[in-house]
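Fold and geometry: a report
Chain residues, written in single-letter form:
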Amino acid sequence: MVYIIPLILFTIGIVRYDYLKINRGKLFLWGIICVYLILLGGLRYQLGEDTHQYIWAYDKINPLNEFKPIDFQRSRFAPGFLVIFAFFKMLSPEIVYFQLFEATVVNIVVFYFFYKNSKNIYFAGVIYYFFLYILFNFQELREAMAVSVFLLAWPAFKQNKWVIWYLASILAFSMHLSAIIMFLLPVITLPGVRNLFTFSPKKTAIIIIGILVVTYVIYQRFFVYIQLLAISDAMSERAQAYGSHDLGGALSNIKMVLATIFEYAFYPLIVLYILYNNNKNKKENNFNKLDAFVLCNIYVVFFSLFVIVGGRLKNYFFPFVILLLSDFIFSAVRVKGKKYAFNILFWFVFFLPMFALHSYRVLYTKINRSGTLRTYMALYPYNSYIYRTDDYDQEKTYQMIFRPNRRR
């Protein structure tokens, strides 16, 4: 039930505030949902695969007042995150206070980002809840902190304030190494390069095919040399792990390939195509930074089919896909020269497959061959520091999926 409450509140918000455009109480409900999600993620007790890794690391780390320079070399965490981690270890041996801090920062930033940039914030919120909330609050905590800095720096990127952008990039990189992408992103605004990040059907299709060819060659021929770029033992370990058959190879399951494309690339491609056709006077070289980040997400999806390490970058770009989809819903659509305004039932049916397929894949995937253990069992029943319980199926699920040497 604790997981259903936000869904009910988001649904009320979508109907009342996004669709009917009623303003009274809009921000209040938005704040209530944000606080609820903070407490849901912050107070969890041993829920989420990576949570066990963080608990293990938290138990081993020295408190900040006992920290030594060698601790930075021994840890697989980026230095900025490590300092925050050690600070909370100094305050308490219980990781719950760090979890509350992380959930507070991430959810406030995400909710603020959507409130400032989306026309339909509740639809944006429900996509976040389905696609990113578990990742950002139960699993990939370090990268979630980096993504939060990335989202806060979005206005600087839009306005070409590169000093602020690169300062934010340094801060995000100190949280997670994947934020190195932030140092490269201003390149897409350069003349000549920006054309690759402006949507047109034929050009985008050619680029996607090119990405598939290049990444296949990388996987087959060159991936092993990525380890040579490692600048620390921790990075070398990560490169070796992602180069393994389990994490670095092509997605051998064709169903998984199709599901990944459908969930993360199909809908933004459809919306970009509709918007492209809706505006006949729009020039193909009219560079839009939001659309560019959406295309970055699409390119990353296809890149990660063969080099799965690249899939982590979806966490940075998918919030901009959410902006695109949330602004598109309830808008008039041009069909053969005529504009049509569809009702809420149409939009429900239109987006339902995206939510349904993702939920099934993420929550109902088999953990064991018999299918008696499913991925949702790692999250349900909900267990908190306020009321701790033991669940046999949950323990068995963690025994099946938890790998001490597989670290994210």
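Up top is the structure these notes are about.
No experiment lies behind these values; they were computed from the predicted model shown.

**Quick look at the environment of tyrosine 115**
On the secondary structure map, tyrosine 115 appears in helix 6 (residues 96–117). For tyrosine 115, a relative accessible area of 38% gives the class partly exposed. Sequence separation between tyrosine 115 and tryptophan 30 is 85 residues; the distance between their C-alpha atoms is 8.8 Å. When near neighbours in sequence (up to four residues on either side) are disregarded, tyrosine 115 contacts Leu27, Trp30 and Ile121.

**Observations concerning the pattern of salt bridges**
If you walk through the whole model with that rule in mind, you get three salt bridges. Ionic pairing is found between glutamate 140 and arginine 312, a salt bridge with its closest N-O pair at 3.9 Å. Here arginine 312 lies in the loop between helix 17 (289–303) and helix 18 (314–328) and glutamate 140 lies in the loop between helix 8 (133–139) and helix 9 (141–152), a separation of 172 residues in the sequence. With a relative accessible area of 8%, glutamate 140 lands in the buried category.

**Notes on the nonpolar core**
Membership of the largest hydrophobic core comes to 116 residues, with the highest contact counts inside it found for Phe85, Tyr128, Phe150 and Phe351. When near neighbours in sequence (up to four residues on either side) are disregarded, tyrosine 128 contacts Leu37, Val106, Asn107, Val110, Phe111, Phe114, Tyr133, Phe136, Asn137 and Ile322.

**Some remarks on the packing of helix 6 against helix 9**
Relative to each other, helix 6 and helix 9 sit at 35°, their axes nearing to 9 Å. The way helix 6 lies across helix 9 gives a crossing that is left-handed. Residue-level contacts link Phe98, Phe101, Glu102, Val105, Val106, Val109, Val110 and Phe113 of helix 6 to Leu141, Ala144, Met145, Ser148, Leu151 and Leu152 of helix 9. Partitioned by chemical class, the residues of the contact of helix 6 with helix 9 number twelve nonpolar, one polar and one charged.

**Focus: the packing of helix 1 (residues 4–19) against helix 7 (residues 121–131)**
Look at helix 1 against helix 7: their axes get within 8 Å of each other, and the N-to-C directions meet at 155°. Overall, the two elements helix 1 and helix 7 adopt an arrangement that is roughly antiparallel. Where helix 1 crosses over helix 7, the handedness of that crossing is left-handed. Across from Pro6, Leu7, Phe10, Gly13, Ile14, Tyr17 and Asp18 in helix 1, the residues of helix 7 making contact are Ile121, Tyr122, Phe123, Gly125, Val126, Tyr129 and Phe130. Here the contact of helix 1 with helix 7 is built from residues that sort into eleven nonpolar, two polar and one charged.

**Here's the deal with the packing of aromatic side chains**
Under the definition given, this model contains 70 aromatic pairs. Judged by centre distance (4.9 Å) and plane angle (85°), the rings of phenylalanine 85 and phenylalanine 98 are edge-to-face. Remark: phenylalanine 98 occurs in helix 6 and phenylalanine 85 occurs in helix 5 (residues 79–91); sequence separation between them is 13 residues. As far as the burial class goes, phenylalanine 85 and phenylalanine 98 line up, both buried. Lysine 89 extends its terminal NZ or CZ atom over the ring of tyrosine 58, reaching a point 5.6 Å from the ring centre. Above the plane of the ring of phenylalanine 157 lies lysine 289, whose end atom (NZ or CZ) is 5.3 Å from the centre.

**Remarks on the side chain of glutamate 263**
For glutamate 263, the location among the structural elements is in helix 16 (residues 254–278). Given the relative accessible area of 0%, glutamate 263 is considered buried. A polar contact of 2.7 Å, which involves the side chain of glutamate 263, links it to the side chain of histidine 358. If we skip the residues at most four places from it in the chain, glutamate 263 touches Phe131, Phe318, Met354, Leu357, His358 and Arg361.

**What to know about a nonpolar patch on the surface**
On the surface, Tyr360, Val362, Leu363, Tyr364, Tyr376 and Tyr380 cluster together into a nonpolar patch covering about 570 Å² of accessible area. With respect to the secondary-structure elements, tyrosine 376 resides in the loop between helix 19 (344–363) and helix 20 (392–401).

Rules of the game
Residues numbered from 1 in each chain as written. Predicted model: local features only at pLDDT ≥ 70, side-chain atom pairs only at ≥ 80, totals over all residues. Heavy atoms only, no water. Helix = DSSP H or I, 4+ residues; strand = E, 2+ residues; numbered from the N terminus. Buried < 20%, exposed > 50% of the residue type's maximum accessible area, 1.4 Å probe, protein only. Contact = heavy atoms within 4.5 Å. Salt bridge = Lys/Arg side-chain N within 4 Å of Asp/Glu carboxyl O. Core = buried A, V, L, I, M, F, W, Y, C linked by side-chain atoms within 4.5 Å. Axes fitted to C-alpha atoms, helices over the stretch in contact; angles between N-to-C directions. Left-handed = near helix turned anticlockwise from the far one by under 90°. Nonpolar A, V, L, I, M, F, W, Y, C, P; charged D, E, K, R; others polar. Parallel < 35°, antiparallel > 145°, perpendicular 65-115°, else oblique. Phe/Tyr/Trp six-rings, centres within 6.5 Å; stacked < 30°, edge-to-face > 60°. Lys NZ or Arg CZ within 6 Å of the ring centre and 35° of its normal. Polar contact = N/O pair within 3.5 Å; in protein donor to acceptor, adjacent residues only side chain to side chain. Patch = residues over 30% accessible without salt bridge, like charges linked within 9 Å, V, L, I, M, F, W, Y side chains within 5 Å. Areas by Shrake-Rupley, 256 points an atom, 1.4 Å probe, with all protein chains shown as cover.

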